[in-house]
Amino acid sequence: MTFELKELSERQQADFKADGRMRAYLAMKKAFKKRASESGVTIQSLSEALGRDKGQISRVLSGRSAGVTLDTFVLIMSALGFRSSFDATPVEKMNKRNRNVAPANWQSATPLQMESPQGVKVYIAGASQTNTAGTYVKITDHHAP
Amino acid sequence: MVDGKTPAEQKYFAGTRAFFSTFVAGADFDDDDMLKALSEGKDGLWEFRITFQPQWRVFGGFLRNGEFVALAQAKRGDLQKSSFGPIIMLVKNRWKSLFPDQSPLLSPRNTLVQDFDDDI
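Note that the structure is a prediction, hence the values are computed from the model and not measured.

Looking at the pairing of strand β4 (residues 67-75) of chain B
Residues and elements named next belong to chain B. Taken across its nine residues, β4 has seven buried, putting it largely inside the fold. As paired elements, strand β3 (residues 56-64) and β4 share eight bridges and run antiparallel to each other. Following the sheet pairing, G61 is matched in β4 by V69. Hairpin connection from β3 to β4: two residues lie between these consecutive antiparallel strands, with G66 at a positive phi of about 75°.

Encoded structure:
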């Protein structure tokens, strides 16, 4: 396959960055949950190990932090006894479910109708066969086998 | 989902898309941080928790395992002022109008968040 470098739209850039933040958050959460359940690690003990404010660590691990630097991410993972892989894998070689930052049928997704005009709208790919007068959309994706 | 007009909005909406994408992709939602039962689970209603600012909640129930029906949303700050009662009632009513013969699943969370059965 020939790779072709393409210009990324603002939206694509925002999606890629958000996907990275989400993956980093989930990795930290997974590491913390394992150490908490198996070894009794707490937010307090982790913050003490890092010499950081407990509130900051709590915000990071609950997803309430506005952003986490790569240094902070590596520090937290290291303190928890984890190493994160930064291996580079071409997206065409990845399992489909790991490569995209939005449902595969994003373009054909239908917005869930919500009452608040300024609120979050949830777009979900895949049409339901359930007759619900257009107010029900199915949260799904078309995973590769 | 809209792209957002300002950089902050773009970041927020992209984050929300990433949040739901990870659920669809099968990420671990088996704790209260991102998916929490309402009313201690007795009604089968759940809230997805957008925890970055501004915090938002998306409410609904599971029609089948891995298949969540989102029926309402609200800003967390507004919910703190008004309590969850009205929105729980709204979600119940919407569910009933959509699926009069079927209640939301009452299974444990680790069962509900399994991969959906895609043969419907």
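A few points about the nonpolar core
Judged by nonpolar contacts, the single largest core of 45 residues is most densely connected at M28 of chain A together with F59, L71, A72 and V91 of chain B. Secondary-structure elements contributing two or more residues to this core are α1 (10-39), α3 (54-61) and α4 (70-79) of chain A together with α1 (7-24), β2 (45-50), β3, β4 and α3 (85-98) of chain B. Look past the residues within four positions of L71 of chain B in its chain and what remains in contact with it is F59, G60, V91, R94 and W95 of chain B.

Some remarks on the packing of α1 of chain A against α1 of chain B
The geometry of α1 of chain A relative to α1 of chain B is characterised by a closest axis approach of 8 Å and an angle of 55° between their N-to-C directions. The angle between the axes of α1 of chain A and α1 of chain B places the two elements in the oblique class. Like other packed secondary-structure pairs, α1 of chain A and α1 of chain B cross with a definite hand, here right-handed. Contacts from E10, A14, D15, K17, A18, D19, R21, M22 and L26 of chain A of α1 of chain A reach α1 of chain B at Q10, K11, A14, G15, R17, A18, F19 and T22 of chain B.

With respect to the confidence of the model for chain A
Residue and element names in this part refer to chain A. Looking at chain A, the pLDDT average stands at 73 and 64% of residues meet or exceed 70. For chain A, the element scoring lowest by mean pLDDT is strand β2 (residues 123-124), at 42; helix α2 (residues 43-50) scores highest, at 97. Across residues 99-145, where pLDDT falls below 50, the model places 85 contacts with residues more than four positions away in sequence or in other chains.

Regarding the packing of α1 of chain A against α4 of chain A
All names here are of chain A. Running from N to C, α1 and α4 cross one another at 20°; their axes reach a closest spacing of 9 Å. Taken together, the axes of α1 and α4 lie roughly parallel to each other. Two packed elements cross with a definite hand, and for α1 against α4 that hand is left-handed. Where α1 approaches α4, its residues A24, A27, M28 and A31 are matched on the opposing element by F73, I76 and M77. Among the residues making up the contact of α1 with α4, the classes are represented as seven nonpolar, no polar and no charged.

Regarding the sheet that holds β3 of chain B
Residues and elements named next belong to chain B. In spatial order, the strands read β1-β2-β3-β4; together these four strands make up an open sheet with antiparallel pairing. The open sheet has two edge strands, β1 (35-37) and β4, and neither has a second partner. The mean inter-strand angle of the sheet, taken between neighbouring strand axes irrespective of direction, is 30°. For β1 and β2, the ladder comprises three bridges, and the chain directions are antiparallel. Bridge pairing in β2 links A37 to W46. Sheet contacts for α3: β2, β3 and β4; angle to β4, the most-contacted strand, approximately 145°.

Regarding the pairing of β2 of chain B
Along a regular strand, successive side chains alternate from one face of the sheet to the other. All names here are of chain B. Counting buried positions along β2 gives five out of six residues, so the element sits mostly inside the fold. In terms of strand pairing, β2 meets β3 through six bridges, oriented antiparallel. Note that in β3 the partner of L45 across the bridge is G61. Linkage of β2 to β3, two consecutive antiparallel strands, is achieved through a turn of five residues.

Criteria and cut-off values
- Residues numbered from 1 in each chain as written.
- Chains lettered and ligands numbered in written order.
- Predicted model: local features only at pLDDT ≥ 70, side-chain atom pairs only at ≥ 80, totals over all residues.
- Buried ≥ 20, exposed ≤ 12 C-beta atoms within 10 Å, placed from the backbone.
- Helix = DSSP H or I, 4+ residues; strand = E, 2+ residues; numbered from the N terminus.
- Pairing = 2+ DSSP bridges.
- Core = buried A, V, L, I, M, F, W, Y, C linked by C-beta atoms within 7 Å.
- Contact = placed C-beta atoms within 7 Å.
- Axes fitted to C-alpha atoms, helices over the stretch in contact; angles between N-to-C directions.
- Parallel < 35°, antiparallel > 145°, perpendicular 65-115°, else oblique.
- Left-handed = near helix turned anticlockwise from the far one by under 90°.
- pLDDT = per-residue confidence, 0-100.
- Nonpolar A, V, L, I, M, F, W, Y, C, P; charged D, E, K, R; others polar.

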